[in-house]
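Structural overview for review
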Amino acid sequence: MNSTHDDPAAALVLPPYARALGISLHGLEGDLPVLTVGFSSVIEGRPGAFHGGATAGLLENAGYAALRAVLVREGRNPQLKPVNITVQFLAAGKQKQTYAVGRITRLGRRNANIAVEAWQDDRERPIATAILNILMAERD
């Protein structure tokens, strides 16, 4: 039987905001969760395009999911507090399935840096990227 230390996807519980947007787990890229969201009226901004906030929400959730997957593997459960989240919108999201995955660029005892990419048809052509700086406070 797999424990959550062996299976990063088993530890992934998306927050209510992600579920409200329709974000779900698509699968794993290595040990990192790939999140996805389909186009719907819930996330539509201008007609026929993703709302920038929905795109940023997907990126943020993918970043946190990547960090949680790594922390679970290490047996850590700190409280995560955002310090800074920077989003770059590279192309308008179309009426298509959108994917995002985070990659830990630095993981320390008290903070983490995560780079995230979102794409639609072509993994090599992201529609948006983000950098997350997260403070990790030990729980009492």
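My aim in this report is to walk through the structure given alongside it, one point at a time. Note that the coordinates shown come from a computational prediction; the quantities given were computed from them, not determined experimentally.

Brief notes about the side chain of Thr-98
Position of Thr-98 relative to the elements: it lies in strand 4 (residues 98–107). Its relative accessible area of 1% is what places Thr-98 among the buried residues. From its side chain, Thr-98 meets the backbone oxygen of Lys-96 in a polar contact 3.4 Å long. Excluding residues within four positions of it along the chain, Thr-98 makes contact with Leu-35, Thr-36, Val-37, Phe-50, Leu-58, Ala-118, Trp-119, Gln-120 and Ile-127.

Section: helix 2 (residues 52–73)
End to end, helix 2 covers 32 Å across 22 residues, agreeing with the expected 32 Å (1.5 Å per residue, within 8%). With 16 of 22 residues buried, helix 2 is to be regarded as a mostly interior element. In the segment just after helix 2, Gly-75 is the residue with positive phi, at about 75 degrees.

Observations regarding the pairing of strand 5 (residues 111–119)
The pairing of strand 4 with strand 5 spans eight bridges and is classified as antiparallel. When the sheet's bridge partners are listed, Arg-103 is paired in strand 5 with Ala-115. Hairpin connection from strand 4 to strand 5: three residues lie between these consecutive antiparallel strands. As paired elements, strand 5 and strand 6 (residues 128–137) share eight bridges and run antiparallel to each other. For Val-116, the partnering residue across the bridge sits in strand 6 and is Ala-130.

Some thoughts on the pairing of strand 1 (residues 24–29)
Pairing geometry for strand 1 and strand 2 (residues 32–37), over five bridges, is antiparallel. Bridging from a neighbouring strand, Gly-27 pairs with Val-34 of strand 2. Adjacent in sequence and paired antiparallel, strand 1 and strand 2 are bridged by two residues, among which Gly-30 carries a positive phi angle near 70 degrees.

Section: the packing of aromatic side chains
Applying the stated rule across the entire model yields two aromatic pairs. Looking at Arg-123, its charged tip hangs above the ring of Trp-119, at a distance of 4.1 Å from the centre.

Things to note about the pattern of salt bridges
Here the structure, examined in full by the defined rule, presents five salt bridges. Of the charged contacts in the structure, one is a salt bridge between Arg-76 and Glu-74, with a shortest N-O distance of 3.4 Å. On the basis of relative accessibility, which here comes to 21%, the residue Arg-76 falls in the partly exposed class. Here the residues in one salt-bridge network are Glu-29, Glu-117 and Arg-123, joined through shared partners.

Each value, and the rule that gives it
Residues numbered from 1 in each chain as written. Predicted model: local features only at pLDDT ≥ 70, side-chain atom pairs only at ≥ 80, totals over all residues. Heavy atoms only, no water. Helix = DSSP H or I, 4+ residues; strand = E, 2+ residues; numbered from the N terminus. Buried < 20%, exposed > 50% of the residue type's maximum accessible area, 1.4 Å probe, protein only. Polar contact = N/O pair within 3.5 Å; in protein donor to acceptor, adjacent residues only side chain to side chain. Contact = heavy atoms within 4.5 Å. Expected span 1.5 Å × (residues − 1). Pairing = 2+ DSSP bridges. Phe/Tyr/Trp six-rings, centres within 6.5 Å; stacked < 30°, edge-to-face > 60°. Lys NZ or Arg CZ within 6 Å of the ring centre and 35° of its normal. Salt bridge = Lys/Arg side-chain N within 4 Å of Asp/Glu carboxyl O.

That's the geometry; what it means functionally is another story.
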